[in-house]
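Okay, here's what each chain looks like letter by letter:
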Amino acid sequence: MKYPSFDTRTRCGRRGIVLTIFVVGVLFLLSRELFNPRSREYFVTQLDLPPAEVLEREEMENAGERKLIPGLSEEVLAKVTDNAPMWDADLEAAGVIVRFLKDATLEEIAHSCVGRVRYAHYREQPASYRGNVVRLRGIVRRLNQVKAAKELGVDSLYEMWVQPEDNLHEPIVILAVSIPPNAVSSGDDLHIDIAIDAVFFKNYSYIAGDNELRSAPLFYANAPEIFIDSRSLAKESQGTETQFPFYLAVLIALAGAGIFLLYHHYVTQKMLPKLEQVPEVLDLGTIAEDDSGQKEKKQE
């Protein structure tokens, strides 16, 4: 096996030293980012790859499959009124839904999920999806903890106004039993990435900030599966991100040096004359006979 030469007196040796420094530098920078927890977390959030057991729920559901949660009946759901505020008649169905969500695990809720449903489907066909667990993704823009009606069996709920990923203009409302610990519990103008399995309830009417009567799809949920504050993550990683131009400059410089050396090596090898290939194993007996024959010729 032929090992690289590191003799600084030769061109090949100097080239080997520079190439070694280039490789070590690139590996150092990549390993530094690999073991940086903020870099890994940012990479994962950008890819947002769901685990295998979530893939089925991530698929868009086209048909209005009815898959009611346990304890909920069509008779109870028939009392719910769309395009209206929360009436007393709505509380019976809402109580069944919230009690189920409060006591169920996320796995049990996911088992009842019919998959992802497009905004236009549950917005325009609320009766077809009422009581179904659907997969939602979007960005939380506003979050507040609100007092819950006593019929729901909980003291408070987290009211989240979410911008769904398939509708950038119309919000949805999610009332969750809980949110992850140490997460933002209230605020406006938020930017929290969310993925959650929630039960569609109704098109809820409310008075908007401009005093206009509007309506938004209303959901009940247990807790988000993904709840990441992108802005806080960016602020915490600010110290690392400010060094990115330096890393980029170093990588470009090392890559340029490597390309130059490879090109120089190619040109040099092309210009050198081709030498006769020397056998790896020399036959000393043959060499000795050739030398003795040359000596006899000289003596003659």
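Just above, that's the structure.
Cut-offs used in this document
- Residues numbered from 1 in each chain as written.
- Predicted model: local features only at pLDDT ≥ 70, side-chain atom pairs only at ≥ 80, totals over all residues.
- Heavy atoms only, no water.
- Buried < 20%, exposed > 50% of the residue type's maximum accessible area, 1.4 Å probe, protein only.
- Helix = DSSP H or I, 4+ residues; strand = E, 2+ residues; numbered from the N terminus.
- Pairing = 2+ DSSP bridges.
- Core = buried A, V, L, I, M, F, W, Y, C linked by side-chain atoms within 4.5 Å.
- Contact = heavy atoms within 4.5 Å.
- Salt bridge = Lys/Arg side-chain N within 4 Å of Asp/Glu carboxyl O.
- 1 Å grid on protein atoms, 1.4 Å probe; cavity = no way out; pocket = protein on both sides within 12 Å on 5 of 7 lines; lining within 4 Å.
- Points joined across faces, edges and corners; volume = space filled by probe spheres on them.
- Nonpolar A, V, L, I, M, F, W, Y, C, P; charged D, E, K, R; others polar.
- Phe/Tyr/Trp six-rings, centres within 6.5 Å; stacked < 30°, edge-to-face > 60°.
- Lys NZ or Arg CZ within 6 Å of the ring centre and 35° of its normal.

Visitor: Help me understand the pairing of strand β5 (residues 172-176), please; the structure alone is not making it clear to me.
Guide: Each regular strand shows side chains that alternate between the opposite faces of the sheet. When you tally the buried positions in β5, you get five out of five residues, the bulk of the element. Side chains Ile172, Ile174 and Ala176 of β5 all project onto a buried face; the interleaved residues Val173 and Leu175 project onto the opposite face, where all are buried too. Relative to β5, strand β4 (residues 156-164) runs antiparallel, the two being bridged by five bridges. Along β5, the bridge assignment pairs Tyr158 with Ala176. Sheet topology note: the β5/strand β7 (residues 213-221) ladder contains four bridges and is parallel. Considered in β7, the bridge of Val173 is made with Leu218.

Visitor: What is the right way to read the nonpolar core from this model?
Guide: The biggest cluster of nonpolar side chains holds 31 residues, and the ones touching the most others in it are Leu72, Ile97, Leu152, Leu157, Phe201 and Tyr220. Those elements that place two or more of their residues in this core are α4 (74-77), α5 (91-103), β4, β5, β6 (192-207) and β7. Apart from the residues lying within four places of it in its own chain, the contact partners of Leu152 are Leu91, Ala94, Gly95, Val98, Arg99, Leu157 and Tyr220. Of all hydrophobic cores here, the second largest spans 25 residues; its members include Val162, Ile179, Ile192 and Ala198.

Visitor: Can you walk me through the pattern of salt bridges in this structure?
Guide: Where side chains of opposite charge bring their charged atoms close, a pairing between them can arise. Under the defined criterion, the tally for this structure stands at eight salt bridges. As a salt-bridge pair, Glu165 and Arg116 come within 1.6 Å of each other at their nearest N and O atoms. Of this pair, Glu165 sits in the loop between β4 and β5 while Arg116 sits in strand β2 (residues 113-117), and the two are 49 residues apart along the sequence. Take Glu165: its relative accessible area is 42%, and that puts it in the partly exposed class. Arg116 sits in the buried class, given a relative accessible area of 14%. The residue Arg142 makes a salt bridge to Asp188 at a minimum N-O spacing of 3.9 Å. Here the residue Arg142 occupies a position in strand β3 (residues 133-147), and Asp188 occupies one in the loop between β5 and β6, the gap between them amounting to 46 residues. Judged by its relative accessible area of 37%, Arg142 is partly exposed. Through salt bridges with shared partners, a single network forms among Arg135, Asp197 and Glu225.

Visitor: Can you help me understand unusual backbone geometry in this one?
Guide: Most peptide bonds take the trans configuration, and most residues that are not glycine carry a negative phi. Although it is not a glycine, Asn182 adopts a positive phi angle of roughly 65 degrees. Checked against the element boundaries, Asn182 lands in the loop between β5 and β6. For Asn182, a relative accessible area of 84% translates into the label exposed. The backbone of Asp189 sits at a positive phi, close to 55 degrees, despite the residue not being glycine.

Visitor: Teacher, can you tell me more about empty space enclosed by the protein here?
Guide: Empty space left among the atoms is revealed by rolling a probe the size of a water molecule over them. Counted under the stated rule, the structure contains one cavity of 30 Å³ or more. When its volume is computed, the largest cavity comes out at roughly 80 Å³. Every residue lining the largest cavity is counted, eleven residues in all, and those nearest its centre are Val117, Arg135, Leu136, Arg137 and Asp166. Going through the elements one at a time, β2 and β3 are the ones with two or more residues in the lining of the largest cavity. The element best represented in the lining of the largest cavity is β3, accounting for three residues. Partitioning the lining of the largest cavity into residue classes produces six nonpolar, no polar and five charged.

Visitor: Hey, could you run me through the packing of aromatic side chains in this one?
Guide: Here a ring pair, both rings aromatic, is described through the centre-centre distance and the interplanar angle of the planes. One pass over the full model with this rule turns up seven aromatic pairs. Between Tyr122 and Phe219, the ring centres sit 5.1 Å apart and the planes meet at 90 degrees, which makes this aromatic pair edge-to-face. Placement of Tyr122 in helix α7 (residues 119-124) and of Phe219 in strand β7 is noted, with a sequence separation of 97 residues between them. Given a relative accessible area of 1%, Tyr122 falls into the buried group. Centre to centre, the rings of Phe201 and Tyr220 are 5.4 Å apart; their planes meet at 80 degrees, and the pair counts as edge-to-face. Placement of the pair is Phe201 in strand β6 and Tyr220 in strand β7, with a sequence separation of 19 residues. For the pair Phe201 and Tyr220, a shared accessibility class is recorded, and that class is buried. An aromatic cluster is present here, built from Tyr119, Tyr122, Phe200 and Phe219 joined pairwise through their rings. For the cation-ring pair, Arg142 lies above Trp161, with the distance from its terminal atom to the ring centre recorded as 5.2 Å.

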